[in-house]
Amino acid sequence: MLGAKAVSLFGPDTEEAFGHLGFTNVLGWADPERALSVGMMTSGKPMLHPALGDLWLLTRAIGQEAPKVARTGIWFTKT
């Protein structure tokens, strides 16, 4: 799963992010632009649970609060 500019599972402005949503209780992703990796385990609630909105808000908050790092080194070089 890949990030996106506006709407992404990993928060806004996460075009370089990648990760995966597990079956019911695992979410993990990395965002090289922020030098960030996240691993979350929830209580295993099904996908259509009332707290799904809270999970969405949490992933957005992480993406918004983590600043992008300077683009130096081989990992941030684009060709």
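Computed from a prediction, not measured in an experiment: that's the story for all the values here. (Residues numbered from 1 in each chain as written. Predicted model: local features only at pLDDT ≥ 70, side-chain atom pairs only at ≥ 80, totals over all residues. Heavy atoms only, no water.)

## Let's talk about the overall build of the protein chain
- Counting its regular elements, the protein chain contains one helix and three strands.
- Shown N-terminal to C-terminal, the secondary structure of the protein chain runs as helices and strands in the order β-β-β-α.
- A total of 79 residues make up the protein chain; the buried ones form 24% of that total.
- Put simply, the protein chain shows about 5,400 Å² of open surface, and 67% of that area lies on carbon and sulfur atoms. (Helix = DSSP H or I, 4+ residues; strand = E, 2+ residues; numbered from the N terminus. Buried < 20%, exposed > 50% of the residue type's maximum accessible area, 1.4 Å probe, protein only. Areas by Shrake-Rupley, 256 points an atom, 1.4 Å probe, with all protein chains shown as cover.)

## Here we look at the sheet that holds strand β2 (residues 26-31)
- Taken in spatial order, the three strands make up an open sheet running β1-β2-β3, and their pairing is antiparallel. Strands at the two margins of the open sheet, each flanked by one partner only, are β1 (18-21) and β3 (36-41). The sheet shows a mean angle of 5° between the axes of neighbouring strands, direction not considered.
- Pairing geometry for β2 and β3, over six bridges, is antiparallel. Each bridged residue has a counterpart across the sheet, and for Ala30 the counterpart in β3 is Ser37. (Pairing = 2+ DSSP bridges. Axes fitted to C-alpha atoms, helices over the stretch in contact; angles between N-to-C directions.)

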